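Close look at the chain arrangement
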2 protein chains.
Amino acid sequence: MRSLTEHRGAALALASPLPVVEVLLDDADGLVVADDLRTDEPLPRWDNSAMDGYAVRQADVVDLPTTLRVVADLPAGSADEPVVGPGTAARIMTGAPVPAGADTIVPVELTDAGTGTVLVREAPAAGVHVRRAGEDAVPGDVVVAAGTLLGPAAIAAVASLGRATVRVHRRPRVAVVSTGDELVPPGTPLRRGQLPDSNSWLLASAVRDAGGTPVRIGPVPDDVDALRSVLADLDGTVDAIVTSGGVSVGAYDVVKAALADDPGVEFLAVAVQPGKPQGLGRLPGGTPIYTLPGNPVSSFASFEMFVRPAILRMRGLADVERPSMSAVADEGWTTPPGRAQLMPVRWVGPDRVVRATARGSGSHLVARLALAEGLAVIPAEIDQVAAGDRVTVLKVSP
Amino acid sequence: MRSLTEHRGAALALASPLPVVEVLLDDADGLVVADDLRTDEPLPRWDNSAMDGYAVRQADVVDLPTTLRVVADLPAGSADEPVVGPGTAARIMTGAPVPAGADTIVPVELTDAGTGTVLVREAPAAGVHVRRAGEDAVPGDVVVAAGTLLGPAAIAAVASLGRATVRVHRRPRVAVVSTGDELVPPGTPLRRGQLPDSNSWLLASAVRDAGGTPVRIGPVPDDVDALRSVLADLDGTVDAIVTSGGVSVGAYDVVKAALADDPGVEFLAVAVQPGKPQGLGRLPGGTPIYTLPGNPVSSFASFEMFVRPAILRMRGLADVERPSMSAVADEGWTTPPGRAQLMPVRWVGPDRVVRATARGSGSHLVARLALAEGLAVIPAEIDQVAAGDRVTVLKVSP
């Protein structure tokens, strides 16, 4: 059996950063910057006032109080370039460029707020309330580096460079296909043996949570020709395909059957519970495909381990790991010999966890899975978790 | 001056969970469930097989090996209800209901995989590979509780209840309005005194990150009538309005001027740096409005403290707090006497931070803000952070 780590590596190796596109800043959230963005200009561009007040000459405000003649009015955005000579002041608002001749900003609170003349009662030292050109960035500085995930602050920084668009890696479109004759869309009355498809929603939501755009298809019946047709249509039109179900040893394992003659796809056992039967590879058109087992907890854990990192890589992110932490198991449980275990857990204290699916341990427990806040990753060498043991938990809740 | 905590409380008090709507599961990501969702049926609905194999009677597999006659073939989804009598077996796939008479599932690996007859070499105890009806949930169980944030596992649980739709609190639509005569859209050539609007993108992205839908408007010039018109159009058509700029003591503070006669809105000083000048209240149509100061770092920190919790509350979330952690300051800095401080920081080790805007400390440093991964919250009582001090850091990176 292939180890969890080895299969994760194989899954990740199928993914590479997607082509670069230029998007409007309004559409840039969650995308990843493709190039280092440098500034051509100093930021701020001009020495400017950090306060609402008066721009004056330091020499004029040594002996206080004093009255100066107001020779200009400089709201933010003013293009005026007055000169502040001896005995004069310019009224100035926050952000307006400091006029020539002035070296001192007197906040309005230290004056009588006059408009024709101004009485200055107190004054700070020269330069105190002046924001210097270039103190945020100087020409040539990388303001937003390639690989930066665009969130509020990074998007604002791009805007401050005067750019209305940004070059990013395209957002991955990922098809999710659930398979199984027993599956019907939720809302359909069930006859004996049927159950509502939940995996296509599980995986579509997980794709979105990973920063991709899901293309949800399902459920597809256990019909080899039907599935081949679906996959052929998707190959080359999406960036990856994820299937659930049909990869085990049963007589009706449709995904295995549909891809059996495909030299680009391999099926194998991975030393992990849940999620032992796995497949991956490329379809003839080059599209990466990940075939996950169909039990909901298996699909959930397999997506987390094998597909999510690949989507993050496609987006252009260097770090494809979930945040993880060490926690204390508040109860014990057994784990399969020689296989790693992925156990959905929930928090019962700041660093204490119990199994989310405590009523049973099966990989079909989709209702209990809703309680999962983390996924404990138990190494293959460990066969038993005892109450009080420390375990590593990935934080998987949205 | 009002304390940070007090103003945060006032900001949150303007928000309440938005009305309930019914959405398709495909549109449910990130929304919050309005009602407890109970199951009417046991989950799983039927005792079913956990393995691909054969359903047999335990009495028939005591003496092994033995050969049994295969009387039925039960793929997943089969509606057949055969009876397994003495000396017979039903071929069964994972998930198919266990037929009457059978109490034992023999995995296919322990047989010759026959179709007419099957040779059983080994057999597990009765019930071992049977998933019992109701072991995931029994009728009346709350499967997804009111207040649950819908992510992959919760959406799958709703689907498993056979529901194609879910009742959730509506997603907040939040208008962001940047103001200032100095602002031009990014991409516009700058003349002296102008700078690109970055706040409307900053705040729109922050709204999205908080789970709202932004309505980005800006920049609006420092014109009281223009701004009043914009606000009147928004009042009653969005769930909240956030403005930036124009709330200080300058001669052109357009937001203050536009709302000066509005009895529902108050302007005040908050004991925090950055972000001292604040306003909030309700417009005549009842829409909450938050007027933030215009410096980018001030807008960013003010949104984080006052607006984000309100958006989370509108979504129906009970917990409106960011995850926070204790970290060691790797350098010292001063903080203003008697005011709390919100300092953008970045990580330099697993629990060590430095200021993100280290080249300067001003609230105009939008380029440096892109490096911020956290916001250190320094209480008002502390006037100096020394290298090695522990500080509380909110994790704000997307």
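This section reports on the structure supplied with the text. Just so you know, these numbers come straight off a predicted model, no measurement behind them.

**A short note on the overall build of chain A**
Of the regular secondary structure elements, chain A holds seven helices and 27 strands. For 398 residues, the compact-globule formula gives about 21 Å, and the C-alpha radius of gyration of chain A, at 31 Å, lies well above that figure. In terms of principal-axis extent, the alpha carbons of chain A reach across some 95 × 50 × 40 Å. Across the 398 residues in chain A, those meeting the buried criterion constitute 56%. Within chain A, contacts between residues separated by at least 24 positions form 70% of all contacts whose residues are at least 6 apart in sequence. A distance of 6 Å separates the average location of the 35 positive side-chain charges in chain A from that of its 47 negative side-chain charges.

**A look at the relation of the copies chain B and chain A**
Superposing chain B onto chain A takes a rotation of 180° combined with a translation of 0.0 Å along the rotation axis, leaving an RMSD of 0.0 Å. Both chain copies can therefore be described as sitting about a two-fold axis.

**Section: the packing of aromatic side chains**
Counted by the stated rule, this structure contains zero aromatic pairs over all chains. Over the aromatic face of Trp 201 of chain A sits the side chain of Arg 216 of chain A, whose NZ or CZ is 3.7 Å from the ring centroid.

**Some remarks on the sheet that holds strand E16 (residues 240-244) of chain A**
All names here are of chain A. The strand order E15-E12-E16-E20-E19-E17 describes an open sheet built from six strands, whose pairing is mixed. The sheet is open, and its two borders are formed by strand E15 (213-220) and strand E17 (265-269), each paired with just one other strand. Each neighbouring strand pair of the sheet contributes to a mean axis angle of 15°, computed without reference to strand direction. Where E16 lies against strand E20 (residues 288-292), four bridges are found, and the strand directions are parallel. Residue pairing for E20: Thr 243 is matched across the bridge by Thr 291. Across the sheet, helix H1 (residues 4-13) touches E17, strand E19 (277-282) and E20, and the angle it forms with E19 is around 30°. Contacting strand E12 (173-179), E16, E19 and E20, helix H6 (residues 296-315) crosses the sheet at an angle of about 165° to E20.

**What to know about the environment of Leu 12 of chain A**
Residue and element names in this part refer to chain A. With respect to the element layout, Leu 12 can be found in helix H1. Owing to a relative accessible area of 17%, Leu 12 belongs among the buried residues under this scheme. C-alpha separation for the pair Leu 12 and Leu 312, spaced 300 residues apart in sequence, amounts to 9.4 Å.

**A few points about the pattern of salt bridges**
Opposite charge on two side chains lets them pair, provided their charged atoms get close. Using the criterion set out here, one finds 33 salt bridges over all chains in the structure. Among the ionic pairs, Arg 91 of chain A bridges to Asp 73 of chain A, the shortest N-O distance being 3.4 Å. Taken together, the residues Arg 91 of chain A in strand E6 (residues 88-92) and Asp 73 of chain A in strand E5 (residues 66-74) connect sequence positions 18 residues apart. Relative accessible area serves as the criterion here: at 16%, Arg 91 of chain A is assigned to the buried category. Arg 192 of chain B is the partner of Glu 81 of chain A in a salt bridge, and the nearest nitrogen-oxygen pair spans 3.8 Å. Highlighted residues: Glu 81 of chain A in the loop between E5 and E6 and Arg 192 of chain B in the loop between strand E13 (183-184) and strand E14 (195-196), drawn from two different chains. Overall, the relative accessible area of 60% leaves Glu 81 of chain A in the exposed class. Accessibility expressed as a relative area gives 18% for Arg 192 of chain B, which makes it buried. The network of salt bridges with common partners includes Asp 209, Glu 304, Arg 308 and Arg 322 of chain A.

**Some thoughts on the side chain of Arg 315 of chain A**
Residues and elements named next belong to chain A. Topologically, Arg 315 is positioned in helix H6. Notably, Arg 315 is buried but unbridged: the nearest opposite-charge side chain belongs to Asp 209, and the N-O separation is 8.8 Å. At 2.7 Å, the side chain of Arg 315 and the backbone oxygen of Gly 30 are in polar contact. Within the local environment of Arg 315, its side chain forms a polar contact with the backbone oxygen of Ala 210, the two atoms lying 2.8 Å apart. Apart from residues no more than four positions distant in its own chain, Arg 315 is found in contact with Gly 30, Val 32, Leu 149, His 169, Pro 172, Ala 210 and Gly 211.

**Observations concerning the environment of Ser 298 of chain B**
Residues and elements named next belong to chain B. Relative to the helices and strands, Ser 298 resides in helix H6 (residues 296-315). Considered as a pair, Ser 298 and Gln 273 are 25 residues apart in the sequence and their alpha carbons are 7.8 Å apart. Residues contacting Ser 298, with those up to four places away along its chain left out, are Pro 274, Gly 275, Pro 293 and Ser 363.

**Things to note about helix H2 (residues 152-160) of chain A**
Residues that lie three or four places apart on an α-helix share one face, since the helix turns once every 3.6 residues. Residue and element names in this part refer to chain A. Within H2, nine of the nine residues are buried, leaving the element largely enclosed by the surrounding structure. Those residues of H2 that fall on the buried side of the exposure criterion are Pro 152, Ala 153, Ala 154, Ile 155, Ala 156, Ala 157, Val 158, Ala 159 and Ser 160. Downstream of H2 by a residue or two, Gly 162 has a phi angle that is positive, lying close to 80°.

**Digging into the interface of chain B and chain A**
How big an interface is tends to be reported as the loss of accessible area on association of its parts. With 81 residues of chain B at the contact, the number on the chain A side is 81 residues. It is Asp 136, Pro 152 and Arg 192 of chain B in chain B that bury the most area against chain A; as a group they hold 11% of the surface buried on that side. Summed over the shared surface of chain B and chain A, the number is nine salt bridges. Linking chain B with chain A are 25 residue pairs in polar contact (both at pLDDT 80 or more), by the criterion used here. Looking at the side of chain B that touches chain A, the elements with two or more residues in it are helix H2 (152-160), helix H3 (199-209) and helix H7 (366-369) of chain B. Counting residues per element, the side of chain B that touches chain A draws most heavily on H2 of chain B, at eight residues. Looking at the side of chain B that touches chain A residue by residue, the class counts come to 40 nonpolar, 15 polar and 26 charged.

Criteria and cut-off values
- Residues numbered from 1 in each chain as written.
- Chains lettered and ligands numbered in written order.
- Predicted model: local features only at pLDDT ≥ 70, side-chain atom pairs only at ≥ 80, totals over all residues.
- Heavy atoms only, no water.
- Helix = DSSP H or I, 4+ residues; strand = E, 2+ residues; numbered from the N terminus.
- Rg over C-alpha atoms; globule rule 2.2 N^0.38 Å.
- Buried < 20%, exposed > 50% of the residue type's maximum accessible area, 1.4 Å probe, protein only.
- Contact = heavy atoms within 4.5 Å.
- Lys, Arg positive; Asp, Glu negative; His and termini not counted.
- Charge placed at Lys NZ, Arg CZ, Asp CG, Glu CD.
- Least-squares fit on C-alpha atoms with pLDDT ≥ 70 in both.
- Phe/Tyr/Trp six-rings, centres within 6.5 Å; stacked < 30°, edge-to-face > 60°.
- Lys NZ or Arg CZ within 6 Å of the ring centre and 35° of its normal.
- Pairing = 2+ DSSP bridges.
- Axes fitted to C-alpha atoms, helices over the stretch in contact; angles between N-to-C directions.
- Salt bridge = Lys/Arg side-chain N within 4 Å of Asp/Glu carboxyl O.
- Polar contact = N/O pair within 3.5 Å; in protein donor to acceptor, adjacent residues only side chain to side chain.
- Buried area = accessible area lost by both parts, 1.4 Å probe.
- Nonpolar A, V, L, I, M, F, W, Y, C, P; charged D, E, K, R; others polar.

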